[in-house]
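Fold and geometry: a report
The residues making up each chain are set out below.
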Protein chains: 2
Amino acid sequence: MINIAILGFGVVGGGVADLITNNKKEVEELGGDSINIKYILDLRDFPDSPFADRVIHDYSVIANDPEIDTVIEVMGGSHPAYEFTVEALRKGKNVISSNKEVVANFGDEFMRIAEEAGVCYRFEAAVGGGIPVLSPIISCVRQNKITEVRGILNGTTNYILTKMFTFGDSFDNALADAQARGYAERNPDADILGIDACRKIAILGALVSGRLVPTDKIHTEGITKVRHEDVIAAEKLGMKIKLLGRCVVTPDGLYIMVAPFMLTSDSALSCVSGVYNAVEVVGEPIKSVMFYGPGAGAGPTASAVVGDLMEIMRSGRNCAIPVMVKDEGSALSFDGFKCRTYIAMKGGCMGCVADAFGEAKAISADGEIAFLTEEMSEAEINAAVSKLESKGIEILSRIRLL
Amino acid sequence: MINIAILGFGVVGGGVADLITNNKKEVEELGGDSINIKYILDLRDFPDSPFADRVIHDYSVIANDPEIDTVIEVMGGSHPAYEFTVEALRKGKNVISSNKEVVANFGDEFMRIAEEAGVCYRFEAAVGGGIPVLSPIISCVRQNKITEVRGILNGTTNYILTKMFTFGDSFDNALADAQARGYAERNPDADILGIDACRKIAILGALVSGRLVPTDKIHTEGITKVRHEDVIAAEKLGMKIKLLGRCVVTPDGLYIMVAPFMLTSDSALSCVSGVYNAVEVVGEPIKSVMFYGPGAGAGPTASAVVGDLMEIMRSGRNCAIPVMVKDEGSALSFDGFKCRTYIAMKGGCMGCVADAFGEAKAISADGEIAFLTEEMSEAEINAAVSKLESKGIEILSRIRLL
């Protein structure tokens, strides 16, 4: 029997306790041993819960109990998750986390401490909820020359964009609908400004490159500027708009970003609708593989957390995730990133566009001028946009093409 | 340094040798050691290959060389792959296979022998080509109560069905096109009759249930009876037709099958086009996850083979796949399998349909009567169809709904 402690008895913590209880047979067969949830740490009491007698409020009880083999940190936020994790690892306990914020900020440090202490730090649930992403990237894909990892990493924004496409909703209406369904928080900023996706692409980038880029070095745009007119334009082009996290691996470093992109229907990611998430890995010789599923929710997230526990029970230190190093120098200046871009503007004419951008393909649009540029760097696009703006032309939208 | 031997220097064997050579840095970092391709077994010589000096024709050299750590069997077919595998495992060598035929027929035996010998038998490439499927199912999903594993397991048939949908091709034209592009063999039976997909669903079913159903106990239909009219009817219903392998896990046993199914656009599998494959796992509490990518080809398949080698180098016996048991008794009679069914017929009327099927929903169709049944068992559908046929009505198509 192994003893575990769960830090945080919210949606995910409850899901983990339920999974271990409800799927006792599956879990014991796979892990090769029974699991005892010895403690659940929370500020609150849960007198009506079947786990009421495990609930404690003092972390030191867990940290100082030598019987605790693995600590499951599902509290969210950087602090005290950081302090609790460091202490548990130093005391020789494995730690499993679903907390993308703490992984993106301190994952490199945790993995170093885990290695020194001869224990595991795992965090499958921190990216893509229940979708197996981290394990297959390490176990099945890293022998490839990986050129990019990218994904739809936030279900809330994907739901909003799907609503805008399927029902022609405005951004504001789609957001209100997402809030009414409980998909978006009352303060939705972490989702709609791309902050959540930014943490996840930092983690994914580190997994494929070994280099953890600080989130403040990641070019991050949300979906708040995506307009109904852009949706119409994308539809005319046979495209969809998705908020992507992308980490493009080049010999010189990483282009790492979160932004809305227009995708053709050829792209596997263009099919990912509603609150679903997906992560695509591109490399040689594998070409491209994609992992798809529910990116959040108690059950799926708990599945990923318990999956990590199973791996630790089966393989111990053998299942350790390769150490990543924090390295802000590995992020290349976004100015050099090249792609085609969709631009919509008010005023001006295609002549001004040609003057500023060279070749560009006009798109029919009501009351505005819209066009696709050739492949240009961000710096080139910025310069061309400034040129238009200096003529009093207003740029309404600017969305990159995948 | 570890020494390996590759059995079969065809498309996949060549891909494996290329990957180990071209991605030397990635492979050595991940595996923690260098890899020497000591032998390549083939009937032919390859004087112009950079590996010409490793090519041998006598398997006993490999079997009797104690330096060989791992044998990579990418020859295809049941024999002599079976004999070579048994001998290698008994002599304490790990074996990796991409050969779905030999895995579906003898996988249980190989895994037993591997366990006795304290070595690994792995076969990620046998299902879904380069897509990580087997590893994530074992490492990340098996803690769930799995109720079904299903997938688009054959790229050739998916290409043909995609052509029939996108371009309105007849089956014969789409097949000819697939042959012209090299996606289908000159003798395409293994693909179009569902034989290839049948082997893969046998393997997937064994991974989620531990029970390997002999392929001759799996209800197997190909796509040869899918008509242009059925494609039109599916489109009217907002559906697609896909050849699915399905293993439905019930408390009493497995419903395991390969057949064309109609899928609504809600189904993640309905988006999988062309030669791509995908495997979906359904369970509690994970809901559903899907793995997607190129189901064949030298590079992707080699990626999966080398991924298995990496796992063995990193984890040894710890990465062993749980043993499966051959068990024909676990396959339930297909008569009891329940689903809705689309039926098209010539002659008769909706009155006869109601008489035979009870409730049924008519679909508009040119020159024929088409309808969807309520959920009924195969036995009930068979009886109702017989009733219509006894009245001289010809059944033109019968396709189940997912």
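In this report, the structure presented in the accompanying data block is examined. (Residues numbered from 1 in each chain as written. Chains lettered and ligands numbered in written order. Predicted model: local features only at pLDDT ≥ 70, side-chain atom pairs only at ≥ 80, totals over all residues. Heavy atoms only, no water.)

1. Notes on the relation of the copies chain B and chain A
Stated precisely, the cut-off is as follows: Here the copies were fitted onto each other by least squares, based on C-alpha atoms from residues at pLDDT of at least 70 in both.
Superposition of chain B onto chain A requires a rotation of 180 degrees combined with a translation of 0.0 Å along the rotation axis, giving an RMSD of 0.0 Å. Given the turn and translation reported, the copies of this chain are related as if by a two-fold rotation axis. Distance from the rotation axis, computed per C-alpha, reaches its smallest value in chain B at Phe-291 of chain B: 2.4 Å.

2. What to know about the sheet that holds strand E6 (residues 121-122) of chain A
Across a sheet, strands are paired by hydrogen bonds formed along the backbone, either parallel or antiparallel in direction. Residues and elements named next belong to chain A. Where we set the bar: Strand pairing is assigned whenever DSSP identifies at least 2 bridges connecting the two strands. We count a stretch as a helix when DSSP gives it H or I for four or more residues in a row; a strand needs E for two or more, and each element gets its number in order from the N terminus. Residue contacts are defined here by distance: any two heavy atoms, one from each residue, within 4.5 Å place the two residues in contact. Here an axis means a line fitted to C-alpha atoms, over the contact stretch when the element is a helix, while the angle between two N-to-C directions is reported on a 0 to 180 degree scale.
Across the sheet, six strands lie side by side as E3-E2-E1-E4-E5-E6; this open sheet has parallel pairing. Every interior strand has two partners, whereas the edge strands, strand E3 (55-56) and E6, have only one. In this sheet, strand E2 (residues 35-41) lies alongside strand E1 (residues 2-7) in parallel orientation, the contact comprising six bridges. Looking at E2, one finds that Ala-5 is bridged to Tyr-39. Sitting on the sheet, helix H1 (residues 11-22) touches E1, E2 and strand E4 (68-73), and the angle it makes with E1 is about 155 degrees.

3. What to know about the interface of chain B and chain A
Worth spelling out the cut-off: By convention, the term buried area covers the 1.4 Å-probe accessible surface removed from two parts as they join, with the contributions of both added. Here, a salt bridge means any Lys or Arg side-chain nitrogen found within 4 Å of an Asp or Glu carboxyl oxygen. Polar contact is defined as a pair of N or O atoms within 3.5 Å, subject to the rule that within protein one atom must be able to donate a hydrogen and the other to accept it, and that residues adjacent in sequence are counted only when both atoms are side-chain atoms.
At the interface, 44 residues of chain B touch 44 residues of chain A. Roughly 3700 Å² is buried in total at the junction of chain B and chain A, and carbon and sulfur atoms are behind 58% of that figure. For the chain B face of the interface with chain A, the top three residues by lost area are Gln-143, Tyr-292 and Arg-314 of chain B, together amounting to 17%. For the pair chain B and chain A, the number of links is two salt bridges. For Glu-26 of chain A, the salt bridge is made with Lys-145 of chain B, and the minimal N-O distance between the two is 3.5 Å. On the surface where chain B and chain A come into contact, there are 13 residue pairs in polar contact (both at pLDDT 80 or more). Elements with a contribution of two residues or more to the side of chain B that touches chain A: helix H1 (11-22), helix H2 (24-31), helix H6 (134-141), strand E13 (287-294) and helix H12 (298-315) of chain B.

4. Considering the sheet that holds strand E6 (residues 121-122) of chain B
Residue and element names in this part refer to chain B. Reading across from one edge, E3-E2-E1-E4-E5-E6 is the order of the six strands in this open sheet, with parallel pairing throughout. Two strands bound the open sheet, and with one partner strand each, they are strand E3 (55-56) and E6. The sheet contact formed by strand E5 (residues 94-97) and E6 spans two bridges and is parallel. Note on E6: the bridge partner recorded for Val-95 is Tyr-121. Relative to the sheet, H1 contacts strand E1 (2-7), strand E2 (35-41) and strand E4 (68-73), its axis offset from that of E1 by approximately 155 degrees. Strands E1, E2, E4, E5 and E6 of the sheet are contacted by H12, whose axis makes an angle of about 155 degrees with E5.

Purely geometric numbers; function is a separate question.
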